[in-house]
Amino acid sequence: VLGNHTDYNQGFILASAIDRYTVIVGRKCDSRLASIFSENFSTLEQFDIDEAVHTAVPTSKCLNTPYCTCGCKGTWSKYCRGVVGVMQRDAHVTLGGFQAAIVSNVPAGSGLSSSAALEVATALFLQRLFHPEMRVDKTDVALLCQRAENQWVGVQCGILDQFTAIHSRADHLLFLDCRDLARYEHIPMPRLAGDPCCLVLANTHANHTLVDGMYNRLRESCFGVAAQMQRLISTHPVTHLRDITPEELAAHEAQLPPIDAKRAKHIVTENARVLRCRQALTGAHAAPADAALTKSALGTLGEAMFASHASSRDDFGNSCPELDAMVAAALKLRPAQGVLGARLSGGGFGGCTVNLVPASRAAPYGEALAAEYAQSAPGATPPS
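Our subject in this report is the structure included herewith. (Residues numbered from 1 in each chain as written. Predicted model: local features only at pLDDT ≥ 70, side-chain atom pairs only at ≥ 80, totals over all residues. Heavy atoms only, no water.)

To find leftover empty space, a probe the size of one water molecule is rolled over the atoms. With the rule as written, the count across this model stands at 2 cavities of 30 Å³ or more. Volume-wise, the second largest cavity comes out at about 30 Å³. Residue lining of the second largest cavity: I24, I36, C80, F98, A100, I102, T122, F125 and L126, and that is the complete set. Residue composition of the lining of the second largest cavity, grouped by class: 8 nonpolar, 1 polar and no charged. (1 Å grid on protein atoms, 1.4 Å probe; cavity = no way out; pocket = protein on both sides within 12 Å on 5 of 7 lines; lining within 4 Å. Points joined across faces, edges and corners; volume = space filled by probe spheres on them. Nonpolar A, V, L, I, M, F, W, Y, C, P; charged D, E, K, R; others polar.)

A few words now on the side chain of N4. Along the chain, N4 falls in the segment before strand 1 (12-15). On the basis of relative accessibility, which here comes to 2%, the residue N4 falls in the buried class. Among the polar contacts made by the side chain of N4, one reaches the side chain of N318 at a distance of 3.3 Å. With residues up to four places along the chain from it excluded, the contact list for N4 reads H266, I267, E270, S308, S312, N318, R343, L344, G346 and G347. (Helix = DSSP H or I, 4+ residues; strand = E, 2+ residues; numbered from the N terminus. Buried < 20%, exposed > 50% of the residue type's maximum accessible area, 1.4 Å probe, protein only. Polar contact = N/O pair within 3.5 Å; in protein donor to acceptor, adjacent residues only side chain to side chain. Contact = heavy atoms within 4.5 Å.)

This next bit is on the side chain of Q162. Position of Q162 among the secondary structure elements: in helix 4 (residues 160-167). Here E149 takes part through its side chain, which lies 3.4 Å from a polar atom of the side chain of Q162.

Taken in spatial order, the 4 strands of this open sheet run 8-9-11-10, and their pairing is antiparallel. If you trace the sheet from one side to the other, it starts and ends with strand 8 (191-192) and strand 10 (341-344), each paired once. One ladder, built from 2 bridges, connects strand 8 with strand 9 (residues 195-203); its direction is antiparallel. Looking at strand 9, one finds that L192 is bridged to D195. Sitting on the sheet, helix 8 (residues 291-316) is in contact with strand 8, strand 9, strand 10 and strand 11 (352-358), with an inclination near 30 degrees to strand 10. (Pairing = 2+ DSSP bridges. Axes fitted to C-alpha atoms, helices over the stretch in contact; angles between N-to-C directions.)

Put into structure tokens, the structure is as follows:
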């Protein structure tokens, strides 16, 4: 919802679960082999669970998607392989061979964290299959799954997707301080004149891939600015962009490479947007009878979403023409359809937009958005 690329900068996020799932069923077997069938891809993949402890280093041709054919020890199954490996190597969990089947209605390549859903589902499946007596710490599971994606898949993602997949609660927004993972809270989704608000996801079908390693390059850019600012700021410690205020960044912007300064500006202002919305939403929840306060809080969130997308497009560089067209369509429909906010979802580069609307308007808004997008982006795949 908010907090675009802030997680690996030890910043703040405001996230939400969606009503989609990834399910794994299976059984133990006598061998040391993992045999996993994906209904979505209609493929069976196998790997030795003892060999899985060795991280697979992706090649320069690795797409980091379920469709990858670069030889990086699996396509979609490398996410499962990574979880099997990290549970054994780092969590010291004893596993055996197994046969499993996966079904999911989280669209792959849509920016809706299908990889994190698969990782978390795999971890919980293995725990229940081999160690049902084990107490599960949700944050530990999220961290293990993040490590699997970092070290076995090669995407240096932050904790946002895995933490959201396992910690979210229906009809709530999830606030997280990524420097202190114990500092999270569930904020009820506000109601507008008694009408609950909801999130409408619009899939552009522009495939959300990291084909050229852009995600990792953006991360490196952020860390580079933090290192430079550490030398420029003497008043307080700086380890990540989370430690920098907009005013401090503006004061030293001329001493930074222009493209890195723009990317840092997005992170710094995005953190401010998350904190501003959290304050507004928690204040509205504390006074549910104050309709004006709730309306104001939703207005703050909606404006922050639009501003977040503009910042992603203009400063951070992780949008794409299809996402921009979808958000522009939402802005055009704002007066007639009552949409409160819209922005790209997930890491960007393609996939979905997330739209904040009153629940009673969700269906007609979805239809109107699809029609407007088709007109503004001729030739594009119709959204879903």
